[in-house]
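# Structural description and commentary
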Amino acid sequence: MTLSPARVPGPGSGPAVRRLTATLYGYAFLDDFVLLYPVYALLFSDTGLTVWQISSLFCLWSLTGVLLEIPSGAWADAVSRRLLLWFGPLLTAAGFTLWVLAPSYWAFALGFVLWGAKGALGSGALEALVYEELDRLGAADRYGAVMGRARAAGLVAVMAAMPLTGPVYAFGGYPAVGLASVLACLLTAATATRFPEHREPAGAAKDVDACREGPGDGTGERLGEGPGEGLGDGSGGGWARTLRAGLAEARGNRSVRGALLLVPAVTAVWGALDEYTPLLVRDTGVAESTVPNWLLLIWAGATVGGLLAGAGRRLGTGGFAGLLAVSAVAMAAGAWVRTPAGIGLVALAFCGFQLASVLADARLQDRIGGTGRATLTSVAGVGTDLTTIAVYGAYGVIGSATTHGAAFALFAVPYLVTAALLAVVGKRAGGKRTGGRRAARAARTSGSRARP
């Protein structure tokens, strides 16, 4: 691995960072501003699909992401990440078009395959592009705060789309809702073309930091601006090399392995439970018409969690463990009481879990030292997807045998276990640091006594 010198912010780094973050926030908002989100399950049901068929579509969606996540991450390291971020939303647009023009089980299935492929193309590519662009500008320490705001922008988009879906549906039914969703995908793709990208393909002979600089501006030549856009090194094996390099770094670096495992441990459970929050809210006894309002409270909690990521970067391992433990207790208590007031505690828990998810991703990015950043991020994504599928299956069993409140409370246990493990790791690390400082002081003292 080639070591690069520390980045120092240049005189033009401020505007460059603002351009990058503005593009990212716009991309994140448009990517989730999809009016089909609140009603696609209703579209499936109105088309005549059974509950089993609808569930099989969700499984197909998740499995597509699992199968494509790591290859697409390696591809993102080998070619242009911006290209993948542009191409992915076009796949989703094609899927949504199929849904409303030819609604049927197989059209829905193909649409979910395209949607899953889009998610795999963007997962890893987006994080790697943003981190390395910030690092180039000497602002890598802002990654957590920037990605936290990006996730908050996506949640705001979801909340903004919910009240608009009803009027659009009343005006033109599912075709109108689908058209609005397709337009959002096209705008997302257009926004992706505004991402800056200054890097060499992983298969090139140069180190990723040895990008050619333009005359006088220090910005470098952008990958993908020329006849060979997005083609990597042209050898046909660039993505395979980056995959091997990324996995080798995970095998040889304990810190990277720990960060990889932390991402699914933090992200998967609450991400899966989110699908069941409408059932949890309804079980509290509120009127059906008010369920969306309570869901907005939960989404607002998650949004605040993303916005707190900048301040959360100061948390050490012990503080991170405490965040998980408090969030787990809040979710268990709020779900167990089965009252509307308890939903506030669930919203608080989702705030903590969103913050922890952003911080876990930031920790992973900080620990990756090679060129396979998107590859390793995708490995973490596969772990998240597989764990999410396992949570779906476990919830189906547990939720059928007990109340939704009890099921949510039970799923707080994995977070308590993770928090306990992190507390032990943090205590050991603190002990090693203390021992090292004591040894250094003893050496200095011994050395001073030995002098004449």
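The structure reproduced in this document is the subject of the present report.

Moving on, we get to the overall build of the protein chain. Within the protein chain, the secondary structure is distributed over 17 helices and zero strands. Evaluated residue by residue, the protein chain yields a buried proportion of 48% over its 452 residues. Sequence-distant contacts, at least 24 apart, represent 82% of the contacts inside the protein chain between residues at least 6 apart. Carbon and sulfur atoms make up 66% of the accessible area of the protein chain, which amounts to about 20400 Å² in all.

The next thing to look at is the nonpolar core. Grouped together as the largest cluster of nonpolar side chains are 85 residues, with contacts concentrated most on Val 130, Phe 195, Phe 320 and Leu 324. With twelve residues, helix H14 (residues 340-367) is the largest single contributor of residues to this core. Here Phe 195 is in contact with Arg 19, Leu 20, Thr 23, Leu 24, Tyr 27, Arg 82, Leu 85, Leu 126 and Leu 129, once residues within four sequence places are set aside. If you look at the next biggest cluster of nonpolar residues, it comprises 22 residues, including Ile 54, Trp 115, Val 182 and Cys 185.

Our next topic: the environment of Gly 26. Looking at the secondary structure, you find Gly 26 in helix H1 (residues 13-32). When the C-alpha atoms of Gly 26 and Leu 187 are compared, they prove to be 9.5 Å apart, with 161 residues separating the residues in sequence.

On to helix H13 (residues 317-337), then. In this model, H13 (21 residues) spans 31 Å end to end at C-alpha, consistent with the 30 Å of a helix rising 1.5 Å per residue. All buried positions along H13 are accounted for by Phe 320, Ala 321, Leu 323, Leu 324, Ser 327, Ala 328, Ala 330, Met 331, Gly 334 and Ala 335. A positive backbone phi angle near 55 degrees is found at Arg 338, which sits one or two residues after H13.

Attention now moves to a nonpolar patch on the surface. There is a patch of nonpolar side chains on the surface, built from Leu 410, Val 413, Val 417 and Leu 421 and spanning about 360 Å² of accessible area. In this fold, Leu 421 is placed in helix H17 (residues 413-450).

Moving on: the pattern of salt bridges. Within the structure shown, the criterion is met by four salt bridges. For the salt bridge of Lys 118 with Asp 31, the shortest nitrogen-to-oxygen distance reads 2.7 Å. Here Lys 118, found in helix H5 (residues 105-122), pairs with Asp 31, found in helix H1; they are 87 residues apart in sequence, far enough to count as distant. Lys 118 gets classed as buried once you look at its relative accessible area, which sits at 12%. Residue Asp 366 is joined to Arg 313 by a salt bridge in which the shortest nitrogen-to-oxygen separation is 2.8 Å. Taken as a pair, Asp 366 in helix H14 and Arg 313 in the loop between helix H12 (309-312) and H13 lie far apart in primary sequence, 53 residues in all.

Here we come to the packing of helix H4 (residues 81-101) against helix H6 (residues 125-136). Axis angle and axis distance: for two packed helices, these are the angle between their axes and the distance between the axes, and together they describe the pair. Across the interface, H4 lies against H6 with an axial gap of 9 Å and an inter-helix angle of 140 degrees. Comparing their axes, H6 and H4 come out oblique. Seen from above, H4 lies across H6 with left-handed handedness. Listed contacts from H6 to Arg 81, Arg 82 and Leu 85 of H4 are Ala 125, Leu 126, Ala 128, Leu 129 and Glu 132. When the residues that make up the contact of H4 with H6 are grouped by side-chain class, the tally is five nonpolar, no polar and three charged.

Criteria and thresholds
- For every chain, the first residue of the written sequence is number 1, and numbering continues from 1 onward in sequence order.
- Local features are withheld for residues below a pLDDT of 70 in this predicted model, meaning they are given only at 70 or higher, and side-chain atom pairs are given and counted only at 80 or more; totals for whole chains, interfaces and linings count all residues.
- Hydrogens and waters are ignored; side-chain quantities use all the structure's heavy atoms.
- Under the scheme used here, helices are H or I runs from DSSP no shorter than 4 residues and strands are E runs no shorter than 2 residues, and both carry numbers assigned from the N terminus.
- Relative accessibility thresholds used throughout: buried, under 20% of the residue-type maximum; exposed, over 50%; partly exposed, between the two (1.4 Å probe, protein chains only).
- Working rule for contacts: check all heavy atoms of both residues, and any pair within 4.5 Å makes them a contact.
- The accessible surface values rely on the Shrake-Rupley method and a 1.4 Å probe; as for residues, cover is taken only from the protein chains in view.
- In this description, a nonpolar core means a group of buried Ala, Val, Leu, Ile, Met, Phe, Trp, Tyr and Cys residues linked to one another through side-chain atoms lying within 4.5 Å.
- Multiplying one less than the number of residues by 1.5 Å gives the expected span of a helix.
- Residues forming no salt bridge and having over 30% relative accessible area are the ones grouped into patches, like charges within 9 Å of each other and nonpolar side chains (Val, Leu, Ile, Met, Phe, Trp, Tyr) within 5 Å.
- One speaks of a salt bridge when a side-chain nitrogen belonging to Lys or Arg is within 4 Å of a carboxyl oxygen belonging to Asp or Glu.
- Angles here are taken between N-to-C directions and fall from 0 to 180 degrees, while the axes themselves are lines fitted to C-alpha atoms, restricted in helices to the stretch in contact.
- Working rule for angles: under 35 degrees goes down as roughly parallel, over 145 as roughly antiparallel, 65 to 115 as roughly perpendicular, anything else as oblique.
- Crossing handedness is read from the near helix: turned anticlockwise from the far helix by less than a right angle, it gives a left-handed crossing, and turned clockwise, a right-handed one.
- Only Asp, Glu, Lys and Arg are considered charged in this grouping, and only Ala, Val, Leu, Ile, Met, Phe, Trp, Tyr, Cys and Pro are considered nonpolar; every other residue, Gly among them, is considered polar.

That is the geometry; function is a separate question.
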